[in-house]
Amino acid sequence: MQILHPFAGSVQQYNEQLSDPDAHRPNHCPQCQDKHPLTAHGFYTRTLIDTAFDGPIHVRRYLCKACRRTVSLLPEFILPYLRSSLMVIALFLLARLFRGQTIVAAAGAAPPPMPYQRGQFWIRRFRAQAQTLCAALAVLTQPTPAPDFLQRALAMLESTGWIAAHRFLFAGARCHLLGWPRGLAPTGRRAAFSFAAAPA
Ligand SMILES: [Zn+2]
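Quantities reported herein were computed from a predicted structural model and do not represent experimental measurements.

(A) Summary view of the layout of surface pockets. Volume-wise, the second largest pocket comes out at about 180 Å³. In terms of lining residues, the second largest pocket is bounded by Met1, Gln2, Ile3, Leu4, Pro6, His24, Pro26, Leu73, Phe170, Ala171 and Arg174. Take the lining of the second largest pocket: its biggest share by element is three residues, from strand β1 (residues 2–4). In terms of residue class, the lining of the second largest pocket is made up of eight nonpolar, two polar and one charged.

(B) Inspection of empty space enclosed by the protein at higher detail. Taken as a whole and assessed by the stated rule, the structure comprises one cavity of 30 Å³ or more. Approximately 40 Å³ is the volume found for the largest cavity. Lining the largest cavity, in full, are His5, Gln17, Leu18, Asp20, His24, Arg60, Tyr62 and Leu73. Tallied by class, residues from the lining of the largest cavity come to three nonpolar, three polar and two charged.

(C) Representation of the coordination of the zinc ion in the model. Ligation of the zinc ion by protein atoms is provided by Cys29 (SG), Cys32 (SG), Cys64 (SG) and Cys67 (SG), these donors lying 2.3 Å from the ion. For the zinc ion, the four donor atoms in the first shell make angles of 104 to 116° at the metal, so the coordination geometry reads as tetrahedral. Counting gaps between the donor residues of the zinc ion yields the pattern C-x2-C-x31-C-x2-C. One end of the pair, Cys32, is in the loop between α1 (11–17) and β2 (39–50); the other, Cys67, is in the loop between β3 (53–63) and β4 (70–74), and 35 residues separate them in sequence.

(D) How the structure looks around the nonpolar core. Phe92, Leu93, Trp122, Phe126, Trp162, Leu177 and Leu178 are the most contacted members of the largest nonpolar core, which has 33 residues in total. Counting residues per element, the ones that place at least two in this core are α2 (86–98), α3 (103–109), α4 (116–137), α5 (149–160) and α6 (162–173). If one sorts the elements of this core by residue count, α2 sits on top with nine residues. Setting aside residues up to four positions removed in sequence, Trp162 forms contacts with Leu86, Ala90, Leu93, Leu94, Leu154, Leu157 and Leu177. Among the nonpolar cores identified, the runner-up in size contains 14 residues, and Leu48, Val59, Leu74 and Phe170 belong to it.

(E) Here's a closer look at the packing of aromatic side chains. On inspection of all chains with the given rule, the structure shows five aromatic pairs. Between Phe92 and Trp122 the ring centres are 5.7 Å apart and the planes differ by 75°, which places this aromatic pair in the edge-to-face class. Of this pair, Phe92 sits in helix α2 while Trp122 sits in helix α4, and the two are 30 residues apart along the sequence. Trp122 matches Phe92 in its accessibility class, with the two residues each being buried. Counting every residue linked through ring pairs, the aromatic cluster contains Tyr81, Phe170 and Trp180. Lying across the ring of Phe170, Arg174 places its NZ or CZ 4.9 Å from the centre.

Definitions and cut-offs
- Residues numbered from 1 in each chain as written.
- Predicted model: local features only at pLDDT ≥ 70, side-chain atom pairs only at ≥ 80, totals over all residues.
- Heavy atoms only, no water.
- 1 Å grid on protein atoms, 1.4 Å probe; cavity = no way out; pocket = protein on both sides within 12 Å on 5 of 7 lines; lining within 4 Å.
- Points joined across faces, edges and corners; volume = space filled by probe spheres on them.
- Helix = DSSP H or I, 4+ residues; strand = E, 2+ residues; numbered from the N terminus.
- Nonpolar A, V, L, I, M, F, W, Y, C, P; charged D, E, K, R; others polar.
- Donors = N, O, S within 2.8 Å, 3.2 Å for Na, K, Ca; no water.
- Tetrahedral: all angles 85-135°; square planar, octahedral: opposite > 155°, others 65-115°.
- Core = buried A, V, L, I, M, F, W, Y, C linked by side-chain atoms within 4.5 Å.
- Buried < 20%, exposed > 50% of the residue type's maximum accessible area, 1.4 Å probe, protein only.
- Contact = heavy atoms within 4.5 Å.
- Phe/Tyr/Trp six-rings, centres within 6.5 Å; stacked < 30°, edge-to-face > 60°.
- Lys NZ or Arg CZ within 6 Å of the ring centre and 35° of its normal.

Structure below.
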């Protein structure tokens, strides 16, 4: 299970605090609700593309000794299962959908420049998720008058702040800002997980 790291800052600041397992150790298990602090359980590596960073980062993992399941602490500038940071995705969506740049121009101007197909993929997911975002974010900010859900969702994300919105959606409703991949919907957990965890 992935939960958000209770840490705000840059990629570099994130890397600097990562060596201390006690800094953000969860004091209970979010899966079985066991009340004991979780045990540090190494890291996994994933790729991150940010505005000024492109490379591997470590994600810290903890183990619950009661239910034997792991919890990983995902930094809040990352959306689960996407390589590009939330900020890179936000800049692209704003360039294409808010300012009306062509998809090729928006992809070329995105820091760092990227293949436009990647942007198409984000737009498709964002479009499918827009109405859900408008409903969920209405708790945080006034719905903005806009011609459609897409524009309204963008305006609401801008007024809330993309990272604040992501934190709220993910921690509360386990809602993915761009929608979970189909196999993991609706909450981002693998349906097969309970089978894997069951005794043989
Ligand atoms: Zn547990």
